[in-house]
Amino acid sequence: MSRPQTSEGQIGSLAVSAVMVLAGVVTLWDTQGYADRDSQVFPQTVAILLIITALGSLVWRLLHPSDNGGFGADIWWRRLLLVAALFACALTMPSIGFLASGAIAFAGGLIAAMHDRWDARTALIFGLSGAVVMGAFYALFKFVLIVPLP
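(A) Fine view of the packing of aromatic side chains. Taken as a whole and assessed by the stated rule, the structure comprises 6 aromatic pairs. Judged by centre distance (6.0 Å) and plane angle (85 degrees), the rings of Phe42 and Phe141 are edge-to-face. Within this pair, whereas Phe42 is found in helix H2 (residues 37-63), its partner Phe141 is found in helix H5 (residues 120-144), the two being separated by 99 residues in sequence. Residue classification places Phe141 among the buried residues on the basis of a relative accessible area of 15%. Between the aromatic rings of Trp118 and Phe126, the centroid separation amounts to 6.0 Å while the plane-to-plane angle is 85 degrees, which identifies the pairing as edge-to-face. Ring pairs connect the aromatic residues Phe42, Phe98, Phe137, Tyr138, Phe141 and Phe143, which therefore count as one cluster.

(B) Representation of a nonpolar patch on the surface within the structure. Together, Val133, Phe137, Leu140, Phe143, Val144, Leu145 and Val147 make up a nonpolar patch on the protein surface, roughly 630 Å² of accessible area in all. Tracing the chain through its elements places Val133 in helix H5. Val133 gets classed as partly exposed once you look at its relative accessible area, which sits at 44%.

What counts and what doesn't
Residues numbered from 1 in each chain as written. Predicted model: local features only at pLDDT ≥ 70, side-chain atom pairs only at ≥ 80, totals over all residues. Heavy atoms only, no water. Phe/Tyr/Trp six-rings, centres within 6.5 Å; stacked < 30°, edge-to-face > 60°. Helix = DSSP H or I, 4+ residues; strand = E, 2+ residues; numbered from the N terminus. Buried < 20%, exposed > 50% of the residue type's maximum accessible area, 1.4 Å probe, protein only. Patch = residues over 30% accessible without salt bridge, like charges linked within 9 Å, V, L, I, M, F, W, Y side chains within 5 Å. Areas by Shrake-Rupley, 256 points an atom, 1.4 Å probe, with all protein chains shown as cover. Salt bridge = Lys/Arg side-chain N within 4 Å of Asp/Glu carboxyl O.

Okay, structure coming up:
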C-alpha cells in the first residue's frame, strides 16, 4: 500500500495546524503579563485546548497523509463566509454588543455549514435553537462567570 503524495491540501493543513500551535503558545506567553489571575484563566484554557487540538491535527496529518483538503470546487465561498462572519463579529462587538455580534457569527457559520436545502421550517428551527444557545452563553458569561460583556 503506497502513501499518497503530498498535495496542496496536505501542506495547507500542516501549515494551518502549525500556525494554530504558534498562536496558542503566543497567547499563553501573553497572558503571563495579566495583572489579575482571574483574567488569565479563560485565555489560558482556550490556548491550551488550541495547542492540544492543533498538535493532534498536525500529528494526524503527518501519520496519515491525504490528498483531501485545500480549496475544492464550490466550497471556497463557505470558508470565506465563515472567516468574514467571525471578523464581523469581532469588529462589531464593541459597538453592538455580545448578543448581536454573536448572532452575526452564528448566522454566517450556519449558512456556511448548511449543505442541505433551506426551507422555512429549517430556518425557524435553526434560528430558535441558535437564539437559545446564544442566550444560554450570554447568561453563563454575564451571571455565572461574571464576565463584563460589551
